Amino acid sequence: MDVGRTSLLPGREPSTDGEPAGHTLVVFELDGREFALPIQDIAEILQMVLVTPVPEVPPWVAGVVNLRGRVIPIVDLRTRLGIATRPPELNTPILIAEQGTRKLGLIADAVRDVVSLEDAALEPPPELGTGDGHEDAVAALAQAGERLIVVLDLERVTADAAPLAEARHITDHAD
Amino acid sequence: MPTEFALSHAAMAMTEIPEDVLRVLEERARQLARPLDGDAVPETTSLLVLQVGPERYAVDVDAVREIKPREGVTPLPGLPSFWSGLVNQRGNLVPVLDLTTYLGLPSSPEGDTEEAKLVFVGAEGVEVAFVVDGVREIRHTPAQDLHPSVPVEGDGVRIVQHVTKDLVSVLDLSYLLRDPALTVGVDAK
């Protein structure tokens, strides 16, 4: 999977005009802590909707949602990252992430802001080896002033939901 | 709702949602499931929003050739006041139209700001540079959000083709550039 990554974050336009290379991150909150994904990964942000449970899914998949005729899996980021989950509220956001033709939803506690950082502000995650199976989801640690933001690797966060996220369209829309 | 299979950990949390919240979430899910009207891709118009005096006007992005700082405009004597003069655009002399004056708007008090731009537009085989007080944004407006301008008899209102929801007037360039009042300065060929 790791094909010679020169940057900590994939999917970034290489800088060609001598400007410092940078990243734009969508920062969201989980259990009072700040996490982020590169803005290229996020297609849109929705308010919470009813999630339909499906059988035989990883523990962190809350179910599926019909996004304009297309069924997408919804990942509960709290469960995925080993944080005690909680029932969503009306203003809980769902971040719709895009990976190629795949789309899936990520439930966070709140969306904070969008920050632009230079490459130098990103550090690789420390190899702590906590062994709880959650550390692989971290792509980098970002320093934005006083803030320390955990940047997630979308591909690894959602790997187990991938089979659900293949482009599937509802052809017979009943309504 | 009763299910016959074991719920995932994350799905269990959903069962604790209070009834009143659940009803709202259900309705939202129904709304979200609705495919976009028509084909998957809604028909949108890309508009370049311009600051013209105190007002905002928009033009179809497809008609915009270039945007430059307001520099190098050579005034010509004897033209109506809405003509600022000519600008040399890579060897072509392009007439420069002061949109604020042409549209009969009060000029903005800041006047000569760095934001002032020349917006080169082309339609009907005519190229003109608009003097504007600023370029605000490019927006993608669905067709249903473009409302026809007020159907008043007479010529003046035809310059405005549509009005967006937030009252930005979209200029009808093909009409504007054929306005007889302009032909003094524009040599169409």
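Just above sits the structure.
Notes on the structure follow. Just so you know, these numbers come straight off a predicted model, no measurement behind them. (Residues numbered from 1 in each chain as written. Chains lettered and ligands numbered in written order. Predicted model: local features only at pLDDT ≥ 70, side-chain atom pairs only at ≥ 80, totals over all residues.)

**Quick look at the overall build of chain A**
Of regular secondary structure, chain A possesses three helices and 11 strands. In chain A, the succession of α and β elements from N to C terminus is β-β-β-β-β-α-β-β-β-β-β-β-α-α. Residues counted as buried form 35% of the 175 residues belonging to chain A. Contacts in chain A between residues at least 24 apart in sequence constitute 62% of all its contacts with a sequence separation of at least 6. (Helix = DSSP H or I, 4+ residues; strand = E, 2+ residues; numbered from the N terminus. Buried ≥ 20, exposed ≤ 12 C-beta atoms within 10 Å, placed from the backbone. Contact = placed C-beta atoms within 7 Å.)

**Let's talk about the overall build of chain B**
Of regular secondary structure, chain B possesses four helices and 12 strands. With 189 residues in all, chain B has 26% of them scored as buried. Taking all contacts inside chain B whose residues are at least 6 apart in sequence as the whole, residues at least 24 apart take part in 54%.

**Here's the deal with the interface of chain B and chain A**
At the junction of the two partners, chain B supplies 23 residues and chain A supplies 29 residues. Listed by contribution, the elements that provide at least two residues to the side of chain B that touches chain A are helix H1 (9-14) and helix H2 (19-33) of chain B. Per element, the largest residue contribution to the side of chain B that touches chain A is nine residues, and it comes from H2 of chain B. By residue class, the composition of the side of chain B that touches chain A is 16 nonpolar, three polar and four charged. (Nonpolar A, V, L, I, M, F, W, Y, C, P; charged D, E, K, R; others polar.)

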